[in-house]
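Spelled out from the first residue to the last, the chains are:
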Amino acid sequence: MPRVSQDHLDARRRQILDGARTCFARYGYEGATVRRLEEATGLSRGAIFHHFRDKESLFLALAEDDVLRMTEVVAAQGLVQVMRDLLSTRPAADGEPHNPANWLGTRLEVSRRLRTDPEFRTRWAERSQQLTVATRERLLRQREAGNLRDDVDVEVLTAYLELVLEGLVSHLAMGLPADDMDPVLDVVEETVRRHRRSG
């Protein structure tokens, strides 16, 4: 029996994650039945669950994938850029098409399950910590470079930016218009910057 290459396995895993992302965004966690996952990925349940132990493992891998992408954006450009990307339909930094609706669907399912599922909350805690750490490290680098205000503790600024992100997600979840959010994010960025006195 021929061995399957790692590239093939990676491509298959990516196919499953991409299809599952669309499925979870459309139907939510509960509504994303195995049959719907099969339709969305174009693969059999055997192929899907060869790569992921169960539906929760698949969902966690998908959410973790999102956190990894967000963490990369935070490290390079900051958490406000993650928020701007959420409002945008332009390609993501890695060149892949960016679909805010699907990213938002995953994010909303994570938020819902955090409120209702203590076991999921425990499993998710270490993954979400990556984004907090990346945000804090970015802010510390900005402070060392003299670009960040120094009258507020970095921990407070990190919590502030995370709170704004959650508020933006809730705003979008309610279907409220987002066309005028860029100036709001400009204000958020201004509030964490160091303002040099002139003269």
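What comes next is a walk through the structure. (Residues numbered from 1 in each chain as written. Predicted model: local features only at pLDDT ≥ 70, side-chain atom pairs only at ≥ 80, totals over all residues. Heavy atoms only, no water.)

### Some thoughts on the packing of aromatic side chains
Filter applied, for reference: By convention, a stacked pair of Phe, Tyr or Trp rings (six-membered ring in the case of Trp) has centres within 6.5 Å and planes under 30 degrees apart, an edge-to-face pair has planes over 60 apart, and any other such pair is tilted. Strands here mean DSSP runs of E at least two residues long; helices mean DSSP runs of H or I at least four residues long; both are numbered from the N terminus. Only protein chains enter the accessibility calculation, which uses a 1.4 Å probe. A residue is then buried if its area is under 20% of the maximum for its type, exposed if over 50%, and partly exposed in between.
Inspection of the entire model under this criterion finds five aromatic pairs. A centroid spacing of 5.1 Å and a plane angle of 80° characterise the contact between Phe-24 and Phe-59, whose relative ring orientation is edge-to-face. Of this pair, Phe-24 sits in helix 1 (residues 6-31) while Phe-59 sits in helix 4 (residues 55-77); the two residues are 35 residues apart in sequence, bridging distant segments of the chain. The class of Phe-24 is buried, set by a relative accessible area of 1%. Accessibility expressed as a relative area gives 0% for Phe-59, which makes it buried. Where Phe-59 meets Phe-120, the ring centres are 6.0 Å apart and the plane angle is 45°; that geometry is what we call tilted.

### Considerations on the nonpolar core
Applicable threshold: What we call a nonpolar core is a set of buried Ala, Val, Leu, Ile, Met, Phe, Trp, Tyr and Cys residues that are connected through their side-chain atoms within 4.5 Å.
In this structure, Phe-24, Leu-58 and Leu-79 are the most contacted members of the largest nonpolar core, which totals 46 residues. Secondary-structure elements contributing two or more residues to this core are helix 1, helix 3 (45-51), helix 4, helix 5 (79-87), helix 6 (100-116), helix 7 (118-144), helix 8 (154-173) and helix 9 (181-192).

### Observations regarding the packing of helix 4 against helix 7
What counts is decided by this rule: Angles run from 0 to 180 degrees between N-to-C directions of axes, and those axes are lines fitted to C-alpha atoms, restricted for helices to the stretch in contact. Any angle that falls under 35 degrees is termed roughly parallel, while one over 145 is termed roughly antiparallel, one within 65 to 115 roughly perpendicular, and all others oblique. Under the convention adopted here, Pro, Cys and the residues Ala, Val, Leu, Ile, Met, Phe, Trp and Tyr are nonpolar, Asp, Glu, Lys and Arg are charged, and Gly plus all remaining residues are polar.
Relative orientation of the contacting elements helix 4 and helix 7 amounts to 5°, with a least axis distance of 9 Å. With respect to their mutual orientation, helix 4 and helix 7 come out roughly parallel. Here the residues of the contact of helix 4 with helix 7 sort into twelve nonpolar, five polar and six charged.

### Notes on helix 1
Definition in use: What a helix is expected to span follows from its residue count: subtract one and scale by 1.5 Å. At every residue, the bend is computed as the angle between two fitted axes, covering the seven residues ending there and the seven beginning there respectively.
Here helix 1 is 26 residues long, yet its end C-alpha atoms lie only 32 Å apart, well below the 38 Å a rise of 1.5 Å per residue gives. Residue Ala-25 marks the point of greatest curvature in helix 1, where the axis turns by about 80°. Among the residues of helix 1, Ile-16, Leu-17, Gly-19, Ala-20, Arg-21, Cys-23, Phe-24, Gly-28, Tyr-29 and Gly-31 are the ones counted as buried.

### Points about the packing of helix 1 against helix 2 (residues 34-41)
We count it as follows: Note on convention: the crossing is left-handed when the near helix lies turned anticlockwise from the far helix by less than a right angle, right-handed when the turn is clockwise. We call two residues in contact when some of their heavy atoms are within 4.5 Å.
Where helix 1 meets helix 2, the axes come as close as 8 Å, and the angle between the chain directions of the two elements is 140°. Seen from above, helix 1 lies across helix 2 with right-handed handedness. Contacts between helix 1 and helix 2 pair Gln-15, Ile-16, Gly-19, Ala-20, Cys-23, Phe-24, Tyr-27 and Gly-31 from the former with Arg-36, Leu-37, Ala-40 and Thr-41 from the latter. In terms of residue class, the contact of helix 1 with helix 2 is built from seven nonpolar, four polar and one charged.

### Quick look at the pattern of salt bridges
Our working definition: Each salt bridge in this description consists of a side-chain nitrogen of Lys or Arg and a carboxyl oxygen of Asp or Glu lying within 4 Å of one another.
Within this structure, the stated rule accounts for 20 salt bridges. The salt bridge partner of Arg-14 is Asp-65, with a shortest N-O separation of 3.2 Å. You can see Arg-14 sitting in helix 1 and its partner Asp-65 sitting in helix 4, a full 51 residues away along the chain. Its relative accessible area of 26% is what places Arg-14 among the partly exposed residues. Here Arg-113 and Asp-117 are joined by a salt bridge, their closest N and O atoms 2.9 Å apart. Summarising the burial analysis for this pair, Arg-113 and Asp-117 share the class buried. Taken together, the salt bridges that share partners define one network made up of Arg-14, Asp-18, Arg-21, Asp-65, Asp-66 and Arg-69.

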